[in-house]
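The chain contents come next:
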Amino acid sequence: RKGFGKFLISLSYELSKIEGKTGAPEEPISDLGQQAYNSYWKGVVLDILADPDCKAVTISEISKRTSMTHKHIEMTLKALDVIQYDSSEGYHISVPNSLIQSHLEKKKRIAADKNRVYVRPADPKKVRWFPHHARLLHKRDRKPL
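In short, a report on the structure.

Calculation notes
- Residues numbered from 1 in each chain as written.
- Predicted model: local features only at pLDDT ≥ 70, side-chain atom pairs only at ≥ 80, totals over all residues.
- Heavy atoms only, no water.
- Helix = DSSP H or I, 4+ residues; strand = E, 2+ residues; numbered from the N terminus.
- Core = buried A, V, L, I, M, F, W, Y, C linked by side-chain atoms within 4.5 Å.
- Buried < 20%, exposed > 50% of the residue type's maximum accessible area, 1.4 Å probe, protein only.
- Expected span 1.5 Å × (residues − 1).
- Contact = heavy atoms within 4.5 Å.

### Some words on unusual backbone geometry
For the bond from Glu27 to Pro28, the omega torsion is -5°, close enough to zero to count as cis. Tracing the backbone shows Pro28 in the loop between helix H1 (4-19) and helix H2 (31-50).

Shown next, in the form of structure tokens:
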């Protein structure tokens, strides 16, 4: 209830971004773990869809920005009920304004509640981590003093 699960989930995705890979939870996942991931995925996808600079977005673009797998993005979009089918265009993402407004209002409410003890998601600017293969490359390129 304090946000530690979402912090750890966001940290794991930040590490995946650094590695340039997509990430996913280990299977099988518990019911509570699935709930935590679903909540995290919905928030992240809605943040992207709410971005005014993001007019037309694809599942691949969402995956590049979040390091989420296509499978989990599709699952999240279906859970949000924003995937539409048009016989001339095929499948596309269509987000009602009410869904975006509801998401933004919820974020404002959480941020404004000063009495709530809540751990924020991992800040990508504060993550200092090098993948193992990058560390080996860095050692090899270092010159002795």
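### Quick notes on the nonpolar core
Ranked by internal contacts, the top residues of the largest apolar core, which has 19 residues, are Tyr13, Val45 and Met68. Mapped onto this core, the elements with two or more residues apiece are H1, H2 and helix H4 (70-79). Looking at this core element by element, the count peaks at eight residues for H2.

### Overview of H2
With 20 residues, H2 should cover 28 Å at 1.5 Å per step; its first-to-last C-alpha distance of 28 Å lies within 8% of that length. Of all the residues in H2, the buried ones are Gly33, Tyr37, Tyr40, Trp41, Gly43, Val44, Val45, Leu46, Ile48 and Leu49. Of the surrounding elements, those touching the buried residues of H2 are H1, helix H3 (59-66), H4, strand E2 (90-93) and helix H5 (97-112).

In short, geometric facts, not functional conclusions.
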